[in-house]
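The lines below spell out each chain.
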Amino acid sequence: MYMKITTWICCALLIFFGICASVYALVGFNLLLFLTAGNVALYRGVLSLAGICALWLLFWLVAFRPTKFLS
């Protein structure tokens, strides 16, 4: 149960980081830096959270192989 909740949270965070990255790519406004109020240490900490979420989802995909039965 907790692994499923963690996976949903990581998916939601990566979607949020993707939205922030696309806003920056399309408009040139760094939304994530704005949301962290210009605090560079907090900004880098939130960016490291994106790496942790990506590693968690990679582990989940390798360990549980949810796409095994698709074919």
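A brief structural summary. Since we're looking at a predicted model, the values are computed, not measured. Residue numbers run consecutively from 1 along every chain, following the written order of its sequence. Restriction of local features to residues with pLDDT of at least 70 applies here, the model being predicted, together with a cutoff of 80 or more for giving and counting side-chain atom pairs; totals for whole chains, interfaces and linings are based on all residues. The side-chain quantities take in all heavy atoms of the structure and omit both hydrogens and water.

Even without a glycine there, the phi angle at Ala37 is positive, about 60 degrees. By the criteria applied, helices consist of DSSP H or I runs no shorter than four residues and strands consist of E runs no shorter than two, each listed in order from the N terminus. With respect to the helices and strands, Ala37 occurs in the loop between helix H2 (31–35) and helix H3 (40–64).

With that settled, consider the environment of Leu55. Position of Leu55 among the secondary structure elements: in helix H3. In this structure the C-alpha to C-alpha distance between Leu55 and Thr36, which are 19 residues apart in sequence, comes to 23 Å.

Turning to a nonpolar patch on the surface, a few remarks are in order. Nonpolar side chains collect at one region of the surface, where Phe16, Leu26, Val27, Phe29, Phe34 and Leu35 lie side by side and expose about 660 Å² of accessible area between them. Every element with two or more residues in the nonpolar patch is listed here: helix H1 (2–27) and H2. Relative to the helices and strands, Leu35 is located in helix H2. For Leu35, a relative accessible area of 49% puts it in the partly exposed group. Patch criteria: residues need more than 30% relative accessible area and no salt bridge. Like-charged residues are merged within 9 Å; nonpolar side chains of Val, Leu, Ile, Met, Phe, Trp and Tyr are merged within 5 Å. Accessible areas in this description were obtained via Shrake-Rupley with a 1.4 Å probe; residue shielding takes into account the shown protein chains only. Salt bridges are identified by distance alone: a Lys or Arg side-chain nitrogen within 4 Å of an Asp or Glu carboxyl oxygen. Buried, partly exposed and exposed residues are distinguished by accessible area as a fraction of the type maximum, computed with a 1.4 Å probe on protein chains only: under 20%, between the cut-offs, and over 50%, respectively.

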